[in-house]
Amino acid sequence: MKIMLLVLIFVGVIYLGISINNYYNNRKKFFKEFHNFLEYLKLHIVFQNTKLKNLVEDFESKCQNKHLRELLSSYYDYLGNLDKNNEIDIDFKIITNEEKLLINKILLNLGRLSCGGEVASISNAVLDVKTLYDSSSLTHQKFGPMSIKLSISLGLLFIIILI
Amino acid sequence: MLLKIFPYEIQAVLKDKIDLNELNEIRLRVNQPIVVNVKGKPYYLASYGLTSKRVDALTASFEMLSGIIYSASEASVYAINNQLKEGFITIKGGYRLGVVGEVVYDENHSNIQTIKNISSINIRVPHYIKNCSKNAFKYLIEDGFLNTLIISPPGVGKTTFLRDIIHQISLNEYALNCLVLDERYEIAGMFDGETQYELGTFVDVMSGVDKKYGFEIGIRSMSPNIIFTDELATIEDIKAIEYASACGVNIVATIHSKNITALKNKPHFTKVVQDKLFDRYVVLSMRNGLGTIEGVYDSSLNLLYRD
């Protein structure tokens, strides 16, 4: 019984460490993929003049990142109901409210200018998202692997104490 | 699609209080009352429907106009910029939004880059009026289709009439290849590669094309029997028509003018009438409502038919 409890605590603590690592990793991946999405928009707007709805649909179908897929799906709904919606629903928890506001602002500002203006506006957004990516990458580097190591150490410490 | 481009308040009035089949035009100007044209008559748009009282009228704002352009472009203003800088946008359903605002030129001040800060929008609601050209149609054919010029002031129904002539050709089973040069997307209302009106079986459409290029390339690539085009205005347009006639292609075109006398006073067009470039003139008026056939005339300006 005691061994079972020790194993459970050990697994639980490590799970917590992995979850923390995943949180930082998911943030990093999300911003990287969002950055790629904006670059993709820029390229297709300059060369093909494709409408946003088609670009969003296309990128969503190829996107590997669960959270960005979710965001693009909400954005696609917004684009289909311009007369009813005035904001994009962002439900997932890996980004802060401030970051949600920024993403909403970026997406809501898309498609309002001529090609040149649009590209300049997206380029600015790319810089903002790049900053978020860099900072999330740094945070992940700093806390991600450390949280796993710390959780293993903590798990072992619990075992030692409880034995 | 038309209703979806408006903010909810306007949408609700248009949907519930106005018969869209009778609506001809909606005009929005920044900080001015919204004006709608129903059955050829102007009214203000109020929350309860049509009114002649200015105080009750709903007012358009700058944000409203920007929002309409954004929605009309399906959130992709950059994708419609080529149309926008020409002063109009066509949306699904063949509706045409004429726009004016601040014109932005390139560095050399030679080419228009876009129109920003839109200050007025004029939305024309097209109607397909079946057989509106039927009474005149038989006068436009002899051994083949005759070169025809449709004449009327703006908003009287020239384009609707032209569209019906194109349709009548297929309806009457004339196997004539028709090429529509739709410079302003009004005749066919081409949207995402599809015409928004039933034009018939033998119809090819070139959209957004200027007349000079359209006539040259169109004749070379599609070998049409008849070319249909809207709103002749310049000497270049006349030259393009002369070129097509010389190639043995018939023309059906429209022009803004009150009547034939006024047409003859237009620069360049005196010679067009004198040289009998057109075999038939169809004059439209509002005498008995939109699109009344005021007269079908031959090249010597003898009256052949009147509604």
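Residues numbered from 1 in each chain as written. Chains lettered and ligands numbered in written order. Predicted model: local features only at pLDDT ≥ 70, side-chain atom pairs only at ≥ 80, totals over all residues. Heavy atoms only, no water.

Bringing the sheet that holds strand β5 (residues 88–91) of chain B into the picture now. All names here are of chain B. What the seven strands build is an open sheet, ordered β4-β3-β2-β1-β7-β6-β5; its pairing is antiparallel. Sheet topology places β4 (49–51) and β5 at the edges, where each strand pairs with a single neighbour. Strand-to-strand twist in this sheet, taken as the mean axis angle between neighbours without regard to direction, amounts to 40°. Relative to strand β7 (residues 112–124), strand β1 (residues 23–29) runs antiparallel, the two being bridged by five bridges. Note on β7: the bridge partner recorded for Arg 27 is Asn 122. Contacts from helix α1 (residues 8–17) reach β1, β3 (41–46) and β4 within the one sheet, and its direction differs from that of β3 by about 125°. In the packing of helix α2 (residues 62–72) onto the sheet, contacts are made with β1, β5, β6 (95–105) and β7, and the angle to β7 comes to roughly 100°. (Pairing = 2+ DSSP bridges. Helix = DSSP H or I, 4+ residues; strand = E, 2+ residues; numbered from the N terminus. Axes fitted to C-alpha atoms, helices over the stretch in contact; angles between N-to-C directions. Contact = heavy atoms within 4.5 Å.)

Approximately 400 Å³ is the volume found for the second largest pocket. As for the second largest pocket, its lining consists of 16 residues, and the residues nearest its centre are Arg 112 and Leu 113 of chain A together with Val 77, Lys 116 and Asn 117 of chain B. Mapped by element, the contributors of at least two residues to the lining of the second largest pocket are α2, α3 (81–84) and β7 of chain B. Ranked by residue count, the leading element in the lining of the second largest pocket is β7 of chain B, at five residues. (1 Å grid on protein atoms, 1.4 Å probe; cavity = no way out; pocket = protein on both sides within 12 Å on 5 of 7 lines; lining within 4 Å. Points joined across faces, edges and corners; volume = space filled by probe spheres on them.)

Attention now goes to the interface of chain A and chain B. Facing the 19 residues of chain A at the interface are 15 residues of chain B. Of the roughly 1,400 Å² buried between chain A and chain B on both sides combined, carbon and sulfur atoms contribute 53%. Broken down residue by residue, the surface that chain A buries against chain B is led by Lys 51, Leu 82 and Asp 83 of chain A, which jointly contribute 41%. Linking chain A with chain B are one salt bridge. Note that Lys 51 of chain A is salt-bridged to Glu 74 of chain B, the shortest N-O span being 2.8 Å. Scanning the region where chain A abuts chain B turns up eight residue pairs in polar contact (both at pLDDT 80 or more). Elements that contribute at least two residues to the side of chain A that touches chain B include exactly α2 (52–62), α3 (66–80) and α5 (115–162) of chain A. The leading source of residues in the side of chain A that touches chain B is α3 of chain A, at three residues. Here the side of chain A that touches chain B is composed, by residue class, of 10 nonpolar, five polar and four charged. (Buried area = accessible area lost by both parts, 1.4 Å probe. Salt bridge = Lys/Arg side-chain N within 4 Å of Asp/Glu carboxyl O. Polar contact = N/O pair within 3.5 Å; in protein donor to acceptor, adjacent residues only side chain to side chain. Nonpolar A, V, L, I, M, F, W, Y, C, P; charged D, E, K, R; others polar.)

With that settled, consider the pattern of salt bridges. Residue and element names in this part refer to chain B. Across all of its chains, the model carries 17 salt bridges over all chains by this definition. The shortest N-O distance in the salt bridge between Glu 142 and Arg 280 comes to 2.9 Å. Here the residue Glu 142 occupies a position in the loop between α4 (134–137) and β8 (148–152), and Arg 280 occupies one in strand β13 (residues 280–285), the gap between them amounting to 138 residues. In this structure Glu 142 comes out as exposed when scored by relative accessible area, which is 55%. Judged by its relative accessible area of 9%, Arg 280 falls in the buried class. Where Lys 212 meets Glu 216, a salt bridge forms, and the shortest distance between an N and an O atom there is 3.5 Å. Of the two residues, Lys 212 and Glu 216 are both situated in helix α6 (residues 211–222); the distance of four residues between them amounts to about one turn of the helix. (Buried < 20%, exposed > 50% of the residue type's maximum accessible area, 1.4 Å probe, protein only.)

Phi angles above zero are rare outside glycine, and Glu 74 of chain B is one such case at about 55°. Looking at the secondary structure, you find Glu 74 of chain B in the loop between α2 and α3.

On to the packing of aromatic side chains, then. This model, assessed by the stated rule, comprises 14 aromatic pairs over all chains. The rings of Phe 30, Phe 31, Phe 34, Phe 37, Tyr 40, Phe 59 and Phe 92 of chain A are connected pair by pair, giving a single aromatic cluster. Taking the ring centre of Tyr 70 of chain B as reference, the NZ or CZ of Arg 112 of chain A above it sits at 3.7 Å. (Phe/Tyr/Trp six-rings, centres within 6.5 Å; stacked < 30°, edge-to-face > 60°. Lys NZ or Arg CZ within 6 Å of the ring centre and 35° of its normal.)

The next subject is the nonpolar core. In globular proteins that are soluble, nonpolar side chains generally tend to be buried together. Core analysis: the biggest nonpolar cluster contains 39 residues, and Phe 34, Phe 37, Leu 38, Leu 41 and Leu 71 of chain A have the highest contact counts within it. Elements that contribute at least two residues to this core include exactly α1 (2–48), α2, α3, α4 (97–109) and α5 of chain A. With eight residues, the single largest contributor to this core is α1 of chain A. Residue contacts for Phe 34 of chain A: discarding those within four places in its chain leaves Leu 68, Leu 71, Ile 103, Ile 106, Leu 107 and Val 129 of chain A. The next biggest cluster of nonpolar side chains, apart from the first, holds 35 residues, and it includes Leu 3, Leu 65, Ile 89 and Ile 118 of chain B. (Core = buried A, V, L, I, M, F, W, Y, C linked by side-chain atoms within 4.5 Å.)

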